[in-house]
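Structure assessment
If you want the building blocks of each chain, they are given just below.
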Amino acid sequence: MILTPQSQLLERNISLFNTGSWAFINPSDAYFFDGIKSKHITVLHQYFDVFAECARVIPTVSFDSRDITNTGFEVTQKVSNHTHIFAPFVTLSKSHTDVMVFLPKAKTHFQMLLRMAAGMVGEGGRIHVVGENKGGIKSAAKLMQQYGPTQKVDSARHCSLITVLVESDHLAFDPADWVDFNSYSVDGCTWDVASMPGVFSYQELDTGTELLLEKLSTTLSGDVLDFACGAGVIASYVMLKYPHLKLHLTDVSALAVYCSALTLAKNNLTATLYAADGLHGFTKKVQHILTNPPFHTGIKTDYTITKRFISDAKNLLTSQGSMQMVANRFLPYPGLLAEHFQTVYTTAQTSQFSVYQATF
């Protein structure tokens, strides 16, 4: 059991949790909670990997996109005194005295989480933020000041813990305040995409994704998986261009699953959505996989997600299947693909991105 640096800092301040009604947002690992087993707490997970570690029984969850409306979705699992919620957001009002937010990578995402936490605690409540120093905790403290006076509680393990005392009441979180729709056009196809802070390529069409769509194979058939689907950009485009295909979308992020559902609905499309840690628990055989995979975990470059994905993908594809991937040119993906696929082509390349097609 290895605690992340953020959790190690909280462990140093374990007495902080002796009083009050606590909620946590996006913990960096599942193991810190073992130290506060007797405490009744609520944990909001926007990322399925840590949620699954905490819940201990759920490898993946699937949704019909039509079942996810503007009000979002929740998957709840009780573990002893702890209630773990996998959801894009919660709309709780004055439900807790204290909320601990683990600092996310994007500033806009953090602003949204702060607003959510302010609605949860109300006037006189406290919002605590823990994060790595090189992850922007100093600028985070400035953003917290809009809610009240801040105090640096502790600093260790290259992390800091900061608390703000909320000076006034705030309404419950309203997701409509944070959802935008943007219109994109590629190869004569125009469609709308939902966008929220914390979802890949917020409010813009990623250049790599655009290149993948421009160079997409025209011989796709059957079931197609959009891995790390983000806001559903790839899947919705493919369904509009090739309505005979059946799309499946998967992502680790609840915000991504939510935005994908909104994107599909906006374009009068339907598909199956999966929340999963990589391809773990995904058993559906598909003819094709399309992806712009992540190469970051938090602020660190991390190839392990894509390495594992490439290894697992070969077991999901049919014998005549293919995978099309776009990635930054500097990433070592051609060699990784060649370890598992007989043929690997570079179908397009710019100064920044490469598009690869891999087949058996």
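Right above here is the structure, for reference.
Once a new chain begins, its residue numbering starts again from 1 and follows that chain's sequence as written. Restriction of local features to residues with pLDDT of at least 70 applies here, the model being predicted, together with a cutoff of 80 or more for giving and counting side-chain atom pairs; totals for whole chains, interfaces and linings are based on all residues. Computation of side-chain values: all heavy atoms of the structure, hydrogens and water removed.

1. With respect to the overall build of the protein
Helix and strand definitions here come from DSSP, where helices need a minimum of 4 consecutive H or I residues and strands a minimum of 2 consecutive E residues; each element is numbered from the N-terminal end. On a plain count of helices and strands, the protein comes out with nine helices and 20 strands. Relative to its length of 360 residues, the protein is compact, with a C-alpha radius of gyration of 21 Å against a globular reference of 21 Å. Seen through its C-alpha atoms, the protein measures out along the principal axes to roughly 60 × 40 × 40 Å. For every residue, the accessible area (1.4 Å probe, protein chains only) is compared with the maximum for its type, and the residue is labelled buried under 20%, exposed over 50%, or partly exposed between those bounds. Counting all 360 residues of the protein, 56% fall into the buried class. Long-range contacts, defined as pairs at least 24 residues apart, comprise 66% of the intrachain contacts of the protein with a sequence gap of at least 6. Every accessible area reported is derived by Shrake-Rupley at a probe size of 1.4 Å, with residue values counting cover from the shown protein chains alone. By element, 48% of the accessible surface of the protein is carried by carbon and sulfur atoms, the whole surface being about 15300 Å². Positive charges come from Lys and Arg alone, negative charges from Asp and Glu alone, with His and the N- and C-terminal ends not counted. Here the site of a charge means atom NZ of a Lys, CZ of an Arg, CG of an Asp or CD of a Glu. Here the protein holds 27 positive side-chain charges and 30 negative ones, and the gap between their average locations is 5 Å. Throughout, the radius of gyration refers to the C-alpha atoms, and the reference size of a globule is 2.2 Å times the residue count to the power 0.38. Whether two residues are in contact is decided by their heavy atoms, any of which lying within 4.5 Å being enough.

2. As for the layout of surface pockets
Counted as a void, the second largest pocket has a volume near 170 Å³. Every residue lining the second largest pocket is listed: Ala30, Tyr31, Phe33, Asp34, Lys37, Glu53, Cys54, Arg56, Val79, Ser80, His82 and His84. Elements that contribute at least two residues to the lining of the second largest pocket include exactly α2 (48-55) and β5 (82-86). Here a cavity is any set of points on a 1 Å grid over the protein atoms alone where a 1.4 Å probe fits but cannot get out, and a pocket is any open set with protein on both sides within 12 Å along at least 5 of 7 lines; a residue lines the site when it has an atom within 4 Å of a point. Grid points are joined across faces, edges and corners, and a volume is the space filled by probe spheres set on the points.

3. Here's the deal with the environment of asparagine 328
Mapping asparagine 328 onto the fold places it in strand β18 (residues 317-328). Setting aside residues up to four positions removed in sequence, asparagine 328 forms contacts with Phe295, Gln352 and Phe353.

4. Concerning the nonpolar core
Nonpolar cores were defined as sets of buried Ala, Val, Leu, Ile, Met, Phe, Trp, Tyr and Cys residues, with membership established by side-chain atoms within 4.5 Å. Counting 89 residues, the largest nonpolar core has Ile127 and Val238 as the members making the most contacts within it. Once residues lying within four places of it in the same chain are set aside, the contact partners of valine 238 are Leu216, Leu220, Leu245, Leu247 and Leu290. Counting 23 residues, the second largest nonpolar core, distinct from the first, contains Leu225, Val286, Leu331 and Phe341.

5. Looking at empty space enclosed by the protein
Counted under the stated rule, the structure contains one cavity of 30 Å³ or more. The computed volume of the largest cavity comes to approximately 30 Å³. Contributing elements (two or more residues each) for the lining of the largest cavity: β1 (22-25) and β2 (41-45). When residues are sorted by character, Ala, Val, Leu, Ile, Met, Phe, Trp, Tyr, Cys and Pro go into the nonpolar class, Asp, Glu, Lys and Arg into the charged class, and all the rest, Gly among them, into the polar class. Of the residues in the lining of the largest cavity, the class split is nine nonpolar, one polar and no charged.

6. Topic: the sheet that holds strand β13 (residues 246-251)
Note: strands within a sheet are paired through backbone hydrogen bonds, in either parallel or antiparallel orientation. Reading across from one edge, β3-β14-β13-β12-β15-β18-β20-β19 is the order of the eight strands in this open sheet, with mixed pairing throughout. The open sheet is flanked by β3 (60-64) and β19 (343-349), the only strands paired with a single partner. In this sheet, adjacent strand axes meet at a mean angle of 20° when their direction is disregarded. Between any two strands, at least two bridges found by DSSP are needed for them to pair. By the bridge criterion, four bridges tie strand β12 (residues 223-227) to strand β15 (residues 286-291) in an arrangement that is parallel. Across the sheet, the residue bridging to phenylalanine 227 is threonine 291, located in β15. Only the stretch in contact is used when a helix axis is fitted, and all axes are lines through C-alpha atoms; the angle between N-to-C directions ranges over 0 to 180 degrees.

7. Quick word on the state of the cysteines
A pair of sulfur atoms, both from cysteines and within 2.5 Å, is called a disulfide here. Applying the stated rule across the entire model yields zero disulfides. Between cysteine 159, a cysteine without a disulfide, and cysteine 54, which holds the nearest cysteine sulfur, the sulfur-to-sulfur distance is 18 Å. Not part of a disulfide, cysteine 229 finds its nearest cysteine sulfur in cysteine 259, a span of 9.7 Å.

8. A closer look at the packing of aromatic side chains
Paired rings are identified among Phe, Tyr and Trp, the last through its six-membered ring, by centres lying within 6.5 Å, and are further divided according to the angle between planes into stacked (under 30 degrees), edge-to-face (over 60) and tilted (the rest). Inspection of the entire model under this criterion finds 20 aromatic pairs. The interplanar angle of 65° and the centroid separation of 5.5 Å between the aromatic rings of phenylalanine 17 and phenylalanine 32 together place this pair among those described as edge-to-face. Pair noted here: phenylalanine 17 is in the loop between α1 (5-12) and β1 and phenylalanine 32 is in the loop between β1 and β2, with a separation of 15 residues, a long-range link. Here phenylalanine 17 matches phenylalanine 32 in class, with each residue buried.

9. Focus: the sheet that holds β1
Strands sit in the order β4-β5-β2-β1-β6-β7-β9-β8 across an open sheet of eight strands; the sheet is mixed. Two strands lie at the open edges of the sheet, namely β4 (75-79) and β8 (150-156), each paired on one side alone. The sheet shows a mean angle of 20° between the axes of neighbouring strands, direction not considered. Relative to strand β9 (residues 159-165), strand β7 (residues 126-132) is paired through seven bridges, and the arrangement is antiparallel.

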